[in-house]
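Structure at a glance
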Amino acid sequence: MYCLTEQQIDRILNDIRARGVKTESLQLNLLDHICCIVERDLEPEGDFESFYQRTLKTFYKHELREIEEEALILLTYKNYYAMKKTMIVSGGISAFLLSTGIFFKFQHWPGAAICIVSGISIFSLLFLPLLFLLKAKENSAVRDRVIYGLGTFAAILFSLAVMFKIFYWPGANIMGVSVIVLMAGVFLPIYFFSGIRNAETKLNTIVSSVLIVAGCGLFLSLIRTPAKTHQQQVADTRIFVRNQQILETEQRQLKRDAVALSGDGAAINGLCESLKAYILEKETGKPAIPYDFNSETTMLSETWANVYFDEGTKPSKDLFELRSKVKAYNEGISKQSDFQGIAVEGTVLASEQIRVAAMLNDLIQIQMVVVQNEREQLVAKK
């Protein structure tokens with residue numbers, strides 16, 4: 001058994017301090033451990049210095065002060081390993097759910113939306129915040145924490161923007177453009193110029209920057225340009241105007257045949273006209289769109305129809321009454337094989353979670369069915 005001298009013990013303690021361990025209690029603990037190992041395993045005539053150096057290397061991977069950093073993390077954040085495990089598990093679950101959801105979406109199988117929303121939500125609201133907390137605690141430099149914070153916020157906003165874009169929810173483009181401005185104008189310059197100065201992180205910084213730019217470019221490819229949006233809105237308006245023109249022609253022909261709508265048919269037609277006028281007033285400021293409308297000033301937007309139907313308002317009550325009248329109308333003609341019922345599924349009669357242009361065209365289709373059934377009734381009487 002080797003017996004350490006006072007000088008050798010002081011040598012070990014001073015070396016521990018010189019290697020960056022500043023906490024006194026940790027210095028003494030390390031000293032005690034190392035001394036026990038040396039006295040137990042070193043031969044009485046062995047080389048103390050070489051054995052000490054070999055023993056010391058077993059306490060760290062790169063530098064001895066790593067022990068103090070890990071000890072501080074454990075003392076300050078008792079749930080560090082639980083957080084780390086939760087982060088890993090949540091990352092795996094989100095990746096699995098997202099991959100499964102995308103595969104289901106390609107196959108048009110049920111459950112795709114639930115998987116995608118759950119996967120992106122877990123990734124954005126659990127995995128990324130935990131990743132930021134762990135990285136921020138491991139790096140005390142203010143600059144690094146700012147970079148991690150900006151990157152995490154941008155990643156959360158980006159993933160949510162993609163989810164909103166997939167499901168055509170409002171606000172997707174606003175979030176997407178905002179995160180691109182944040183990434184290109186704030187995060188990327190700070191991250192790139194701080195990382196490229198360090199030889200150890202230079203390559204990773206360049207690669208990460210390229211991936212970030214590529215990701216922003218891919219998202220921009222999903223966003224329709226203002227010119228293309230204008231063209232689509234003009235096209236939607238023209239389709240509505242043409243359908244309205246056809247409807248009015250059919251209604252005039254019906255009047256020439258001395259046929260007037262009555263009962264549920266007349267009520268349905270009146271409610272449709274009232275709802276169309278209300279929506280057009282909200283969209284263009286006028287209750288109708290002329291056939292020769294100005295495509296620069298008068299056109300339908302891509303607004304969701306439900307924003308115009310607050311609960312308790314007259315338009316909302318009219319829409320509810322229309323659904324009731326259509327239900328009664330369909331029940332009334334169900335016994336007559338020559339007449340067709342008004343389609344409900346996938347139209348505004350099922351839900352107002354559709355675009356304004358689609359709702360207007362649905363109302364026209366409802367009126368067209370009523371007119372066609374009146375014509376069929378006229379033919380049957382002859």
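These lines cover the structure that appears in this document, whether it is placed above or below. Predicted, not measured: the structure shown is a model, and the values here were computed from it.

Some points on the layout of surface pockets
Within this model, the largest pocket holds a volume of roughly 1,300 Å³. Considering the residues around the largest pocket, the lining is formed by 41 residues, among which Gly151, Ala155, Phe187, Tyr191 and Ile212 are closest to the centre. Counting residues per element, the lining of the largest pocket draws most heavily on helix 7 (residues 142-166), at 12 residues. Split by residue class, the lining of the largest pocket holds 23 nonpolar, 13 polar and five charged.

Digging into helix 11 (residues 263-284)
Here helix 11 is 22 residues long and its end C-alpha atoms lie 32 Å apart, about the 32 Å a rise of 1.5 Å per residue gives. Restricting attention to buried positions, one finds in helix 11 the residues Gly265, Ile268, Asn269, Leu271, Cys272, Leu275, Lys276, Ile279, Leu280 and Glu283. Seen end-on, helix 11 carries its buried residues on one side only, within an arc spanning 165°. Directly beyond the C-terminal end of helix 11, a positive phi value near 85° is found at Gly285.

As for helix 5 (residues 80-107)
For helix 5, spanning 28 residues, the distance from its first C-alpha to its last is 41 Å, which sits close to the expected 40 Å at 1.5 Å a residue. Those residues of helix 5 that fall on the buried side of the exposure criterion are Tyr80, Met87, Ser90, Gly91, Ser94, Leu97, Thr100 and Gly101. The positive-phi residue at the C-terminal boundary of helix 5 is His108, with phi of around 60°.

Quick look at the side chain of Thr152
Assignment of secondary structure puts Thr152 in helix 7. Owing to a relative accessible area of 14%, Thr152 belongs among the buried residues under this scheme. Once you skip the residues sitting within four places of it in the chain, Thr152 turns out to touch Leu128, Pro129 and Phe132.

Re the pattern of salt bridges
Side-chain pairs of opposite charge can arise whenever the charged atoms involved come near each other. Considering all chains together, one arrives at six salt bridges under this definition. In this structure, Asp41 engages Arg40 in a salt bridge whose closest nitrogen and oxygen atoms are separated by 3.0 Å. For Glu273, the salt bridge goes to Lys276, with nearest N and O atoms at 3.3 Å. Note that Glu273 and Lys276 are positioned in helix 11 at a spacing of three residues, about one turn of the helix. Since its relative accessible area comes to 2%, Lys276 is described here as buried. Connected through salt bridges with shared partners, the residues Arg11, Asp15, Arg19 and Glu49 form a single ionic network.

Describing the nonpolar core
Core analysis: the largest hydrophobic core is formed by 37 residues, its most contacted members being Ile268, Leu322, Ile342 and Met359. Per-element tally for this core: the top contributor is helix 13 (residues 356-381), with 11 residues. Apart from residues no more than four positions distant in its own chain, Met359 is found in contact with Ile279, Ala305, Phe309, Leu319, Val348 and Ile354. Tyr80, Leu150, Leu188 and Tyr191 belong to the second-largest nonpolar core, a separate cluster that totals 29 residues.

Considerations on the packing of helix 1 (residues 6-18) against helix 3 (residues 48-57)
Interaxial distance between helix 1 and helix 3 falls to 12 Å at its minimum, and their mutual angle equals 35°. For the crossing formed where helix 1 meets helix 3, the hand is right-handed. Residue-level contacts link Gln8, Arg11, Ile12 and Asp15 of helix 1 to Phe48, Glu49, Tyr52, Gln53 and Leu56 of helix 3.

Quick look at the packing of helix 7 against helix 8 (residues 172-195)
With their axes 9 Å apart at the nearest point, helix 7 and helix 8 run at an angle of 155° to one another. Put simply, helix 7 runs roughly antiparallel to helix 8. The two elements helix 7 and helix 8 cross, and the hand of that crossing is left-handed.

Remarks on the packing of aromatic side chains
Applying the stated criterion across every chain, the model contains eight aromatic pairs. Seen from their ring centres, Phe103 and Trp109 are 5.5 Å apart, and the 85° between their planes marks the pair as edge-to-face. Given the relative accessible area of 42%, Trp109 is considered partly exposed. Three or more aromatic residues link up through ring pairs in this structure, and these residues are Phe103, Phe104 and Trp109.

A few points about the side chain of Asn330
Among the secondary structure elements, Asn330 is positioned in helix 12 (residues 314-333). Discounting chain neighbours no more than four positions away, the residues touching Asn330 are Gly341, Ile342 and Val344.

Observations regarding the state of the cysteines
Here a disulfide denotes a covalent bond joining the sulfur atom of one cysteine to the sulfur atom of another. All chains considered together, the criterion is met by zero disulfides. Cys3 forms no disulfide, and the closest cysteine sulfur to it belongs to Cys35, at a distance of 11 Å. In this structure Cys35 is a free cysteine whose sulfur lies 7.0 Å from that of Cys36, the closest cysteine sulfur available. Exposure remark for Cys35: the relative accessible area of 11% places this residue in the buried category.

Here's the deal with unusual backbone geometry
The phi torsion at His108 lies on the positive side, around 60°, for a residue other than glycine. Note on placement: His108 falls in the loop between helix 5 and helix 6 (112-138).

Rules behind the numbers
Residues numbered from 1 in each chain as written. Predicted model: local features only at pLDDT ≥ 70, side-chain atom pairs only at ≥ 80, totals over all residues. Heavy atoms only, no water. 1 Å grid on protein atoms, 1.4 Å probe; cavity = no way out; pocket = protein on both sides within 12 Å on 5 of 7 lines; lining within 4 Å. Points joined across faces, edges and corners; volume = space filled by probe spheres on them. Helix = DSSP H or I, 4+ residues; strand = E, 2+ residues; numbered from the N terminus. Nonpolar A, V, L, I, M, F, W, Y, C, P; charged D, E, K, R; others polar. Expected span 1.5 Å × (residues − 1). Buried < 20%, exposed > 50% of the residue type's maximum accessible area, 1.4 Å probe, protein only. Arc of directions from axis to C-beta. Contact = heavy atoms within 4.5 Å. Salt bridge = Lys/Arg side-chain N within 4 Å of Asp/Glu carboxyl O. Core = buried A, V, L, I, M, F, W, Y, C linked by side-chain atoms within 4.5 Å. Axes fitted to C-alpha atoms, helices over the stretch in contact; angles between N-to-C directions. Left-handed = near helix turned anticlockwise from the far one by under 90°. Parallel < 35°, antiparallel > 145°, perpendicular 65-115°, else oblique. Phe/Tyr/Trp six-rings, centres within 6.5 Å; stacked < 30°, edge-to-face > 60°. Disulfide = S-S within 2.5 Å.

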